[in-house]
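Below, each chain spelled out in residue letters.
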Amino acid sequence: MKHNYEPMGAFFNKHAPTYDHDHTAQIVGGVAMKDIVAGYLPEGARDILDLGCGTGLELPAIFARFPEARVVGIDLAEDMLALLHERCAGFAVETLHMSYFDYDFPEKQFDAVISVMSLHHFSPEQKIGLYSRVRSTLKPGGVFLNCDYYIGNPLCARLQFARLRRLKIEPGAMHIDTPLTTRQELQTLRQAGFARVEMPLNQDNTTLIAAYGDIAQPEETA
């Protein structure tokens, strides 16, 4: 059986002109759900790294709260990045056309690392390595905010990754969704060394997970 999967960057370049409309139409709550990340950024956030920034739908709310913020956005699709620069003209945005897996994360550089609807294409093993590097790039008190969608049944995740192995496709190489369960996602963050992980929002098909590298999980009381 022939499968017409497209490389990730090529897929999003092709869909860039209609991405904002088509993508937000699939999210319960629409484009407003893209604004939620801004509200969970730490006070005084200035340096922000955006993994899989796309057209930058989440950035206007961030700049509305922190107009002096400096954002580094990473994405595989050049056409999406061009639209981001149009959307964020006048603000401090640097974009990198590359895979965030290839990014050289500088030590203790960012107040926050964010990702919005991008990381549901990768395996737990890939994520653990990436998240470890994300943790190292956070300043003391920094936070990693991952806003994404998840599935409820871990068997579905295992079957999808098994299918990719049969097809000899590495997760993330082609545009194929491989979402985890929230429990699996939280576990990957803990395995990557985050001291505290929380789920401040879980609404319909949008979940926000916050991970702190140097703030310990509070002890449970009896």
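All values reported here derive from a predicted model rather than from experimental measurement.

Undergrad: Looking at this model, I keep getting lost on the environment of Ile48. Mind explaining?
TA: Assignment of secondary structure puts Ile48 in strand β1 (residues 47-51). The class of Ile48 is buried, set by a relative accessible area of 0%. C-alpha separation for the pair Ile48 and Pro17, spaced 31 residues apart in sequence, amounts to 26 Å. Sequence-distant contacts of Ile48, that is, excluding residues within four places in its chain, are made with Leu41, Ile62, Ala69, Arg70, Val71, Val72, Phe110, Ala112 and Ile114.

Undergrad: How should I be thinking about helix α5 (residues 124-137) in this particular structure?
TA: Helical periodicity: at 3.6 residues per turn, an α-helix aligns residues three or four positions apart in one direction. With 14 residues, α5 should cover 20 Å at 1.5 Å per step; its first-to-last C-alpha distance of 20 Å lies within 8% of that length. Those residues of α5 that fall on the buried side of the exposure criterion are Gln126, Lys127, Leu130, Tyr131, Val134 and Thr137. For α5, the buried positions fall inside an angular range of 120° around the axis, keeping them on one side. In this fold, the buried residues of α5 make contact with β1, β4 (110-116), β5 (138-148) and α7 (182-191).

Undergrad: Is there a simple way to think about the state of the cysteines in this case?
TA: Per the counting criterion, the structure on display carries zero disulfides. The thiol sulfur of Cys88 is not disulfide-bonded, and the nearest other cysteine sulfur, from Cys53, lies at 9.0 Å.

Undergrad: Help me out: how do you make sense of α7 in this one?
TA: Glu185, Leu186, Thr188 and Leu189 are the residues of α7 that are buried. The buried side chains of α7 occupy one side of the element, clustering within an arc of 155° when seen end-on. Close packing links the buried residues of α7 with α5, β5, β6 (196-203) and β7 (206-212). One or two steps after α7, the chain reaches Gly193, where phi turns positive at roughly 105°.

Undergrad: Hey, could you run me through the packing of helix α1 (residues 8-25) against helix α4 (residues 78-87) in this one?
TA: Helix-helix packing is characterised by the crossing angle of the two axes and by the distance between the axes. Interaxial distance between α1 and α4 falls to 7 Å at its minimum, and their mutual angle equals 35°. Residues Phe12, Asn13, Ala16, Tyr19 and Asp20 of α1 pack against Glu78, Asp79, Met80, Leu83 and Arg87 of α4. Among the residues making up the contact of α1 with α4, the classes are represented as five nonpolar, one polar and four charged.

Undergrad: Looking at this structure, how should I read the nonpolar core?
TA: In summary, soluble globular proteins display a tendency toward joint burial of nonpolar side chains. Leu41 and Leu145 are the most contacted members of the largest nonpolar core, which has 31 residues in total. Looking at this core, the elements that each hand over two or more residues are α2 (36-39), α3 (59-65), α4, β4, β5 and β7. Contacts of Leu41, omitting those with residues within four sequence positions, involve Ile48, Ile62, Arg65, Phe66, Ala112, Ile114 and Leu145. Membership of the second largest hydrophobic core comes to 25 residues, among which are Phe110, Val113, Leu119 and Phe122.

Undergrad: Whenever I open this one, the sheet that holds β4 confuses me. Can you help?
TA: Within a sheet, each strand pairs with its neighbour through backbone hydrogen bonds, oriented either parallel or antiparallel. Strand order across the open sheet formed by seven strands is β3-β2-β1-β4-β5-β7-β6, with mixed pairing between neighbours. Either end of the sheet is taken by a strand with one partner, and the two such strands are β3 (92-97) and β6. Across the sheet, the mean angle separating the axes of adjacent strands is 15° when strand polarity is ignored. The pairing of strand β2 (residues 70-75) with β3 spans six bridges and is classified as parallel. From the neighbouring strand, Arg70 faces β3, where its bridge partner is Ala92. Along the sheet, α5 makes contact with β1, β4 and β5, crossing β5 at roughly 140°.

Rules used in this analysis
- Residues numbered from 1 in each chain as written.
- Predicted model: local features only at pLDDT ≥ 70, side-chain atom pairs only at ≥ 80, totals over all residues.
- Heavy atoms only, no water.
- Helix = DSSP H or I, 4+ residues; strand = E, 2+ residues; numbered from the N terminus.
- Buried < 20%, exposed > 50% of the residue type's maximum accessible area, 1.4 Å probe, protein only.
- Contact = heavy atoms within 4.5 Å.
- Expected span 1.5 Å × (residues − 1).
- Arc of directions from axis to C-beta.
- Disulfide = S-S within 2.5 Å.
- Axes fitted to C-alpha atoms, helices over the stretch in contact; angles between N-to-C directions.
- Nonpolar A, V, L, I, M, F, W, Y, C, P; charged D, E, K, R; others polar.
- Core = buried A, V, L, I, M, F, W, Y, C linked by side-chain atoms within 4.5 Å.
- Pairing = 2+ DSSP bridges.

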